[in-house]
Amino acid sequence: MKPLLEHKVAVVTGGTRGIGYAVVRKFVEEGATVILCGSREETATKALARIKEEFPTAEVDAAWPRLNDRESVRKTFDDIVKRYGHLDILVNNAGISQRTAFLEYTVSEYDDIMDLNVKSLFVCAQAAAEIMKAQGGGVILNTSSVVSLYGQTTGFGYPTSKFAVNGLTKSLARELGAYHIRVNAVAPGVVKTDMVAALPKEVIQPVIDRIPMGRMAEADDIANAFLYLASDMAAYVSGEILSVDGAVVI
Ligand code: NAD
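Analysis parameters
Residue positions are counted from 1 within each chain, in the order its sequence is given. Only residues with pLDDT of at least 70 are given local features in this predicted model, and only at 80 or more are side-chain atom pairs given and counted; all residues enter the totals for whole chains, interfaces and linings. Each side-chain value is worked out from all heavy atoms of the structure, with water and hydrogens disregarded. By definition, any uninterrupted DSSP run of H or I lasting at least four residues is a helix, any uninterrupted run of E lasting at least two residues is a strand, and each is numbered from the N terminus. Each radius of gyration is computed over the set of C-alpha atoms, and the globule rule expresses the reference value as 2.2 Å times the number of residues to the power 0.38. By the convention used here, residues are in contact when the closest approach between their heavy atoms is within 4.5 Å. His is not counted, nor are the chain ends, whereas Lys and Arg count as positive and Asp and Glu as negative. By convention, the charge on Lys lies at NZ, on Arg at CZ, on Asp at CG and on Glu at CD. Interaxial angles span 0 to 180 degrees and are taken between N-to-C directions of axes, which are lines fitted to C-alpha atoms, for helices over the stretch in contact. Here a crossing is called left-handed whenever its near helix is offset anticlockwise from the far helix by less than a right angle, and right-handed whenever the offset is clockwise. All residues other than Ala, Val, Leu, Ile, Met, Phe, Trp, Tyr, Cys, Pro, Asp, Glu, Lys and Arg, Gly among them, are scored as polar; the first ten of these are nonpolar and the last four charged. Site definitions follow a grid-based scheme: protein atoms alone, a 1 Å grid, a 1.4 Å probe that fits but cannot get out for cavities, and for pockets an open set with protein on both sides within 12 Å along at least five of seven lines, plus lining residues having an atom within 4 Å of a point. Grid points are joined across faces, edges and corners, and a volume is the space filled by probe spheres set on the points. Grouping buried Ala, Val, Leu, Ile, Met, Phe, Trp, Tyr and Cys residues that are joined through side-chain atoms within 4.5 Å yields what is termed a nonpolar core. With a 1.4 Å probe rolled over the protein chains alone, any residue whose accessible area is under 20% of its type maximum counts as buried; one over 50% counts as exposed, and the rest are partly exposed. We call a residue near a given molecule or strand whenever any one of its heavy atoms falls within 4 Å of it. Contacts described as polar in this section are N or O atom pairs within 3.5 Å, which, within protein, must combine one atom able to donate a hydrogen with one able to accept it, while residues neighboring in sequence count only if both atoms come from side chains. Each accessible area is a Shrake-Rupley result for a 1.4 Å probe, and residues are judged covered by the shown protein chains and nothing else. The way we define it, a molecule is inside a pocket or cavity when more than half of its atoms are within 2 Å of that pocket's grid points.

Draft legend 1. Region of the structure containing the overall build of the chain. Looking only at helices and strands, the chain features 9 helices and 7 strands. For a compact globule of 250 residues, the expected C-alpha radius of gyration is about 18 Å, and the chain comes in at 17 Å, within 12% of that figure. For the chain, contacts bridging at least 24 residues in sequence account for 75% of all contacts bridging at least 6. Computed over 26 positive and 30 negative side-chain charges, the separation of the two mean positions in the chain equals 2 Å.

Draft legend 2. A look at the packing of helix H3 (residues 70-84) against helix H4 (residues 107-135). One can describe the packing of H3 onto H4 by two numbers: an axis separation of 9 Å at closest approach and a directional angle of 35°. Of the two elements, H3 crosses H4, and the hand of that crossing is right-handed. The segment H3 lies against H4, with Arg70, Val73, Arg74, Phe77, Asp78 and Val81 engaging Phe122, Val123, Cys124, Gln126, Ala127, Ala128, Glu130 and Ile131. Of the residues in the contact of H3 with H4, the class split is 9 nonpolar, 1 polar and 4 charged.

Draft legend 3. The arrangement of the layout of surface pockets in detail. Of the voids in this model, the largest pocket is the one considered here, and its volume is about 1200 Å³. Gly95, Ile96, Ser97, Tyr158 and Met195 are the residues nearest the centre of the largest pocket, which is lined by 47 residues in total. Mapped onto the lining of the largest pocket, the elements with two or more residues apiece are helix H1 (18-29), helix H6 (157-176), helix H7 (194-197) and helix H8 (201-209). Tallied by class, residues from the lining of the largest pocket come to 22 nonpolar, 18 polar and 7 charged. By volume, the second largest pocket is sized at about 230 Å³. Leu121, Phe122, Ala125, Gln126, Ala129, Glu130, Lys133, Leu168, Leu172, Glu175, Leu176 and Tyr179 are the residues that line the second largest pocket. Residue assignment for the lining of the second largest pocket shows that the elements contributing at least two residues are H4 and H6. Broken down by class, the residue content of the lining of the second largest pocket amounts to 8 nonpolar, 1 polar and 3 charged.

Draft legend 4. Broad picture of the nonpolar core. Formed by 37 residues in total, the largest nonpolar core has its most connected members in Phe27 and Phe226. Put simply, the parts of the chain that give this core at least two residues each are strand S1 (9-12), H1, strand S2 (33-37), helix H2 (41-54), strand S3 (60-63), strand S4 (89-92), strand S5 (138-143) and helix H9 (219-230). Broken down by element, the residue count for this core peaks at 8 residues, all from H9. In this structure, Val123, Ala127, Leu168 and Ala173 belong to the second largest nonpolar core, which totals 30 residues.

Draft legend 5. Just the site of the ligand, in detail. Lining the immediate environment of the ligand, one finds 26 residues, of which Thr16, Asn93, Tyr158, Val191 and Thr193 sit closest. Separating an oxygen atom of the ligand from a backbone N or O atom of Asn93 is a distance of 2.8 Å. The separation between an oxygen atom of the ligand and a polar side-chain atom of Tyr158 is 2.6 Å. If the ligand stood free it would expose 820 Å²; the protein chains cover 88% of that surface. More than half of the atoms of the ligand fall within 2 Å of the grid points belonging to the largest pocket. Where the shell around the ligand is concerned, the elements lending two or more residues are H1, H6 and H7. It is H7 that contributes the most residues to the shell around the ligand, 3 residues altogether.

Structure (structure tokens):
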């Protein structure tokens, strides 16, 4: 069977570990040229070395733009187009989470989470959409979360940011459809990554106990959903928030 992403060029933010790294691997396996983005040169080049070791003939590269900075992102994306000719898929995946109780929440914590989880998606999506419009189409995918459906009991900034991700996804799908740009999001449940490993056991275990499928998601479970949405199998899917959460209600 033909690889699903042959001749496609993809950028994955937060591609150095966790869900993003699984997406990078999956896209590489399916024939895409992938540029993985990290927050720092050191982590990005380390992840690049790791993927090259596993896929020595793959076309992969690394970048570390400041995702909330228009000029930095535009320069990175323009360099990609100069080097590879086009930019077909953007995966807006970088994100942070917080568990601070509402009455202790500081404005600076709120700014930090909105800055990465929402503003950087706007900045990256806009820079990508300019390129995709000019080239006649593309795909923008965002990482949302199961908390964008239910909220969560502490750390309100995180679900707030993910509700905004859904709003951005659905709105951009409506606005950019005319340019043949599809926009979708994946809403993972509880995934075995560093983000979840950082949570105390007493927080995470009760959540796992309530997952009908009886386990956390592997990063690969989530990457498969991104692969589907990035590929032509989803050619008529846009404005969708695809839950991949083992049917959990948190
Ligand atoms: P992770 O902590 O393992 O990875 C986060 C990624 O974001 C890393 O590659 C990191 O380099 C990047 N990043 C962090 N701060 C950055 C910054 N300031 N600038 C640029 N890049 C930055 O987390 P993960 O679990 O793989 O999370 C990835 C996405 O999935 C996030 O958007 C997160 O909200 C979402 N998500 C995770 C879960 C889960 O259970 N792990 C569930 C739902 C949604």
